[in-house]
Amino acid sequence: MSELILHHYAMSPFSEKVRAMLGYTGMRWQSVIVAPMPPRPLLAPLAGGYRKIPVAQIGADVFCDSRTITREIARLSGKPELALEGCSEEVREFVRRTDLEVFFACVIAAGGPKLLYRFWRQTSLMTVFRFLKDRIELGRTAKVRTASPKKAPGVVREHLADLEIRLEKRPFLFGDTPNIADFSAYHSLWFIRDVAGSPLTAPYPRVNAWMDRIAAFGQGEMSSITPEQALETAKAATPRPLPAGDDASLVGEAVTIAPSDYGLVPVSGTLVAALPDGWVLSRHTAQTGSVQVHFPREGFAVSAR
Ligand SMILES: N[C@@H](CCC(=O)N[C@@H](CS)C(=O)NCC(=O)O)C(=O)O
């Protein structure tokens, strides 16, 4: 079976969520580095223009959103607690809030000249300008309410105080071993502390020790491949058989699927499965042959074309 291929970039928090989970499971994976903003002409044939990162791929199956990616990691590693479906409603609610409201508060609170300087050192001034323009436009079209720059540090501190209490009696947020909640909480704080170099996390010693424990898992057994090789892998593979869904409406029809929160770019294809936790689109391009693109249900909307 093909290895998991991750399409990602270094400074992406949601990519770090997946990389850290790959480290925890010790999995072998292949890495394709993508630009921090569209256009991504060699990813588009696989993900159909879906614009958020990370995207994962196993052969001719493509996984959009870290929720479908972590489900694959949970399945491949035999650790159900790394997928939302394997966790309690309390954990799912924690992840929902942490991956949206807290994530935005962290990114807004981390922003500033120091972060831009670090980004510029890793890229170029032109990339920094293009990135800022892209993210301003992204914010303008977003359908979610985010904390203002004045309020964001307060939201982050409240979250950090909650984690500090949770970590009083146990090494991970919900027990003696990590579950998906640890990786969701980790990536935004990694962005604040390790990418932006912000002192916001400093007054929370247990949180810092827990972050160090997660960082110590490493990133698994990674090998680099080119985007062209990822396209060839898709073309050489056959999409996997799908389980029967519980909802036949729109299955077999031409549809678009788009995020309903931010980065609202629609992906077109034929709906081939409506599963309890996700949708699957079939798409065909000359570069990839037939591929199946998987999306979570939550946070995505399907429309007939
Ligand atoms: N819900 C998505 C969020 C992914 C996300 O927001 N990724 C950021 C980079 S870490 C991104 O691509 N932002 C640009 C955009 O949303 O278009 C997931 O879990 O994968």
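Residues numbered from 1 in each chain as written. Predicted model: local features only at pLDDT ≥ 70, side-chain atom pairs only at ≥ 80, totals over all residues.

1. Some thoughts on the domain arrangement of the protein chain
For step 1, the next point in the chain: When cut into domains, the protein chain gives domain 1 (4-80 + 222-304) and domain 2 (88-215).
For step 2, the next point in the chain: With centres defined by C-alpha atoms, the gap from domain 1 to domain 2 works out at 23 Å.
For step 3, the next point in the chain: At the interface, 16 residues of domain 1 touch 22 residues of domain 2.
For step 4, the next point in the chain: Residue composition of the side of domain 1 that touches domain 2, grouped by class: ten nonpolar, three polar and three charged. (Domains from an automatic or database assignment. Contact = placed C-beta atoms within 7 Å. Nonpolar A, V, L, I, M, F, W, Y, C, P; charged D, E, K, R; others polar.)

2. Topic: the nonpolar core
For step 1, the next point in the chain: In this structure, Ala47, Val55, Cys106 and Val293 are the most contacted members of the largest nonpolar core, which totals 72 residues.
For step 2, the next point in the chain: Tallying contributions element by element places helix 4 (residues 89-110) first for this core, with ten residues.
For step 3, the next point in the chain: If sequence neighbours within four positions are ignored, Cys106 has contacts with Val156, Ser188, Leu189, Phe191 and Ile192. (Core = buried A, V, L, I, M, F, W, Y, C linked by C-beta atoms within 7 Å. Buried ≥ 20, exposed ≤ 12 C-beta atoms within 10 Å, placed from the backbone. Helix = DSSP H or I, 4+ residues; strand = E, 2+ residues; numbered from the N terminus.)

3. Section: the site of the ligand
For step 1, the next point in the chain: Lining the immediate environment of the ligand, one finds 13 residues, of which Ser12, Phe14, Lys52, Ser66 and Gly263 sit closest.
For step 2, the next point in the chain: Along the lines of polarity and charge, the residues of the shell around the ligand split into five nonpolar, three polar and five charged. (Near = placed C-beta within 6 Å.)

4. Re the packing of helix 4 against helix 7 (residues 152-166)
For step 1, the next point in the chain: Following both chains from N to C, one finds helix 4 and helix 7 inclined at 125°, their axes separated by 8 Å at the closest point. The angle between helix 4 and helix 7 falls in the class oblique. The two elements helix 4 and helix 7 meet at a crossing, and its hand is left-handed. Mapping the contact onto sequence places Val102, Ala105, Cys106, Ile108 and Ala109 in helix 4 and Ala152, Pro153, Val155, Val156 and His159 in helix 7.
For step 2, the next point in the chain: Tallied by class, the residues present in the contact of helix 4 with helix 7 amount to nine nonpolar, one polar and no charged. (Axes fitted to C-alpha atoms, helices over the stretch in contact; angles between N-to-C directions. Parallel < 35°, antiparallel > 145°, perpendicular 65-115°, else oblique. Left-handed = near helix turned anticlockwise from the far one by under 90°.)

5. Looking at the sheet that holds strand 5 (residues 221-224)
For step 1, the next point in the chain: Here we have ten strands laid out as an open sheet, ordered 5-2-1-3-4-9-8-7-6-10, and mixed in their pairing. Of all the strands in the sheet, just strand 5 and strand 10 (300-304) have a single pairing partner and so form its edges. Direction aside, the axes of adjacent strands within the sheet are offset by 35° on average.
For step 2, the next point in the chain: Pairing of strand 6 (residues 254-259) with strand 7 (residues 267-275) involves four bridges; the strand directions are antiparallel. From the neighbouring strand, Thr256 faces strand 7, where its bridge partner is Ser268. (Pairing = 2+ DSSP bridges.)

6. A word on the pairing of strand 6
For step 1, the next point in the chain: Both strand 6 and strand 10 contribute to a ladder of five bridges, which runs antiparallel. Of the residues in strand 10, the one forming a bridge with Ile257 is Val302.

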